[in-house]
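The primary structure of each chain is shown beneath.
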Amino acid sequence: MMDSKIKKSWNTNAEEWIRVIEGEQIGSRRFTNQAILRVIGQLPAKRLLDVGCGEGWLTRSLTALGKTAVGIDATETLLAHARNQGSEQYYQVTYEALMEGQRLNEAPFDAAVFNYSIYQKEGLPLLLQQVRNHLTENGQLIIQTVHPFFLVQQNLGYTSQMIEDAWKGLPGNFSEGHAWYARTLEDWVAVIIEAGMHLRDLVEVKDHEERPVSLILRAS
């Protein structure tokens, strides 16, 4: 569940996040952006839900791929910016509302994407289940997240754990950092199984030095 500290952090940092993203200041996104678009572009899915869409770059990019995309997010400042960038539809919807069964008027979708938008430890299987209910019979979930190798890089034990500040290490003048839950590969698979879904495949995204930077999971 996205707690109040996460919401407050994003509300505080929304404008700075937009500035950093539009300035292409996060180097790893050169690899991760291309990777998520490549995975989605290979799917037959036509209608997609961008869950935790932020400032809307992915939603707009899906339109450019010939898809129909709808974005949802909890942070209105990010949504307001997204609405000014294109014709896509954006709605303010919280994870809590999704978990409680809120319906989306545009459903069903062929696929739903979580692109670096999962931070919580508790309740994730239920969130995935509820989002799955907004999809067609053969609909798929695509999740891109920080690669579990991050734990090794940070000299932490290779076990799922809370990380103190999600903004740490990113360029930009961020404040009021929120905690996020880093999962091992084994625990990501366990979450998908607990949600009653099947892992169809995974992609380990690497940078130009062949270091893993993100993990993309595709489930149905």
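Residues numbered from 1 in each chain as written. Predicted model: local features only at pLDDT ≥ 70, side-chain atom pairs only at ≥ 80, totals over all residues. Heavy atoms only, no water.

(A) Examining the nonpolar core more closely. The biggest cluster of nonpolar side chains holds 29 residues, and the ones touching the most others in it are Val51 and Phe114. Taken together, the elements giving at least two residues each to this core come down to strand S1 (47-51), strand S2 (68-73), helix H5 (95-99), strand S4 (109-115), helix H6 (124-132), strand S5 (135-146), helix H8 (185-194) and strand S9 (212-219). Each residue touching valine 51, except ones within four places of it in the same chain, is listed here: Ile72, Tyr95, Leu98, Ala112, Val113, Phe114, Asn115, Ser117 and Val131. (Core = buried A, V, L, I, M, F, W, Y, C linked by side-chain atoms within 4.5 Å. Buried < 20%, exposed > 50% of the residue type's maximum accessible area, 1.4 Å probe, protein only. Helix = DSSP H or I, 4+ residues; strand = E, 2+ residues; numbered from the N terminus. Contact = heavy atoms within 4.5 Å.)

(B) Here's a closer look at the packing of helix H2 (residues 29-41) against helix H3 (residues 57-64). Contact geometry for H2 and H3: axes closest at 11 Å, N-to-C directions at 45 degrees. Classified by the angle between their axes, H2 and H3 sit oblique to one another. Judged by the twist between their axes, the crossing of H2 over H3 is right-handed. Across the interface between the two elements, Arg29, Asn33, Ile36, Leu37 and Ile40 from H2 touch Trp57, Leu58, Ser61 and Leu62 from H3. When grouped by side-chain class, the residues that make up the contact of H2 with H3 number 6 nonpolar, 2 polar and 1 charged. (Axes fitted to C-alpha atoms, helices over the stretch in contact; angles between N-to-C directions. Parallel < 35°, antiparallel > 145°, perpendicular 65-115°, else oblique. Left-handed = near helix turned anticlockwise from the far one by under 90°. Nonpolar A, V, L, I, M, F, W, Y, C, P; charged D, E, K, R; others polar.)

(C) Broad picture of the sheet that holds S2. Spatially, 7 strands are ordered S3-S2-S1-S4-S5-S9-S8 in an open sheet, and the strand pairing comes out mixed. Two strands lie at the open edges of the sheet, namely strand S3 (89-92) and strand S8 (199-206), each paired on one side alone. With strand direction ignored, the average angle separating the axes of adjacent strands in the sheet is 20 degrees. Pairing between S1 and S4: 4 bridges, direction parallel. (Pairing = 2+ DSSP bridges.)

(D) Representation of the packing of aromatic side chains within the structure. Scanning all chains against the criterion turns up 8 aromatic pairs. Judged by centre distance (4.3 Å) and plane angle (15 degrees), the rings of tryptophan 167 and phenylalanine 174 are stacked. Both residues of the pair, tryptophan 167 and phenylalanine 174, belong to the buried class. Three or more aromatic residues joined by ring pairs make a cluster, and in this case those are Trp10, Trp17, Tyr119, Trp167 and Phe174. When the ring centre of tryptophan 188 is taken as reference, the NZ or CZ atom of arginine 183 above it lies at 5.3 Å. (Phe/Tyr/Trp six-rings, centres within 6.5 Å; stacked < 30°, edge-to-face > 60°. Lys NZ or Arg CZ within 6 Å of the ring centre and 35° of its normal.)

(E) Summary view of the packing of helix H1 (residues 4-22) against helix H4 (residues 76-83). Packing of H1 against H4 brings their axes to within 8 Å, and their N-to-C directions diverge by 35 degrees. Taken together, the residues of H4 that come into contact with H1 (itself represented by Trp10, Ala14, Glu15, Trp17, Ile18 and Glu22) are Thr77, Leu78 and His81. Considering only residue class, the contact of H1 with H4 consists of 5 nonpolar, 2 polar and 2 charged.

(F) Representation of unusual backbone geometry. Note that the residue after alanine 107, namely proline 108, is joined by a cis bond; omega there is 10 degrees. Of note, proline 108 is situated in the loop between H5 and S4. Phi angles above zero are rare outside glycine, and glutamate 210 is one such case at about 65 degrees. Assignment of secondary structure puts glutamate 210 in the loop between S8 and S9.

(G) Highlighting a nonpolar patch on the surface. Together, Phe149, Val152, Tyr158, Leu185, Leu199 and Leu202 make up an exposed nonpolar region whose accessible area comes to about 470 Å². Within the residue set of the nonpolar patch, elements represented by two or more residues are helix H7 (149-153) and S8. Tracing the backbone through its elements, the reader meets valine 152 in helix H7. Residue valine 152 is classed as partly exposed on the basis of its relative accessible area of 43%. (Patch = residues over 30% accessible without salt bridge, like charges linked within 9 Å, V, L, I, M, F, W, Y side chains within 5 Å. Areas by Shrake-Rupley, 256 points an atom, 1.4 Å probe, with all protein chains shown as cover. Salt bridge = Lys/Arg side-chain N within 4 Å of Asp/Glu carboxyl O.)

(H) A look at the pattern of salt bridges. Tallying each qualifying case throughout the model produces 7 salt bridges. Arginine 211 serves as the salt-bridge partner of glutamate 209, at 3.2 Å between the closest nitrogen and oxygen. Judged by relative accessible area, arginine 211 falls into the partly exposed class, the value being 38%. Connected via shared salt-bridge partners are Asp207, Glu209 and Arg211.

(I) Inspection of H3 at higher detail. The complete set of buried residues in H3 reads Trp57, Leu58, Thr59, Ser61 and Leu62. On its buried face, H3 sits against H2, S1, S2, S3 and S4. Once H3 ends, the next one or two residues include glycine 66, with phi positive near 90 degrees.

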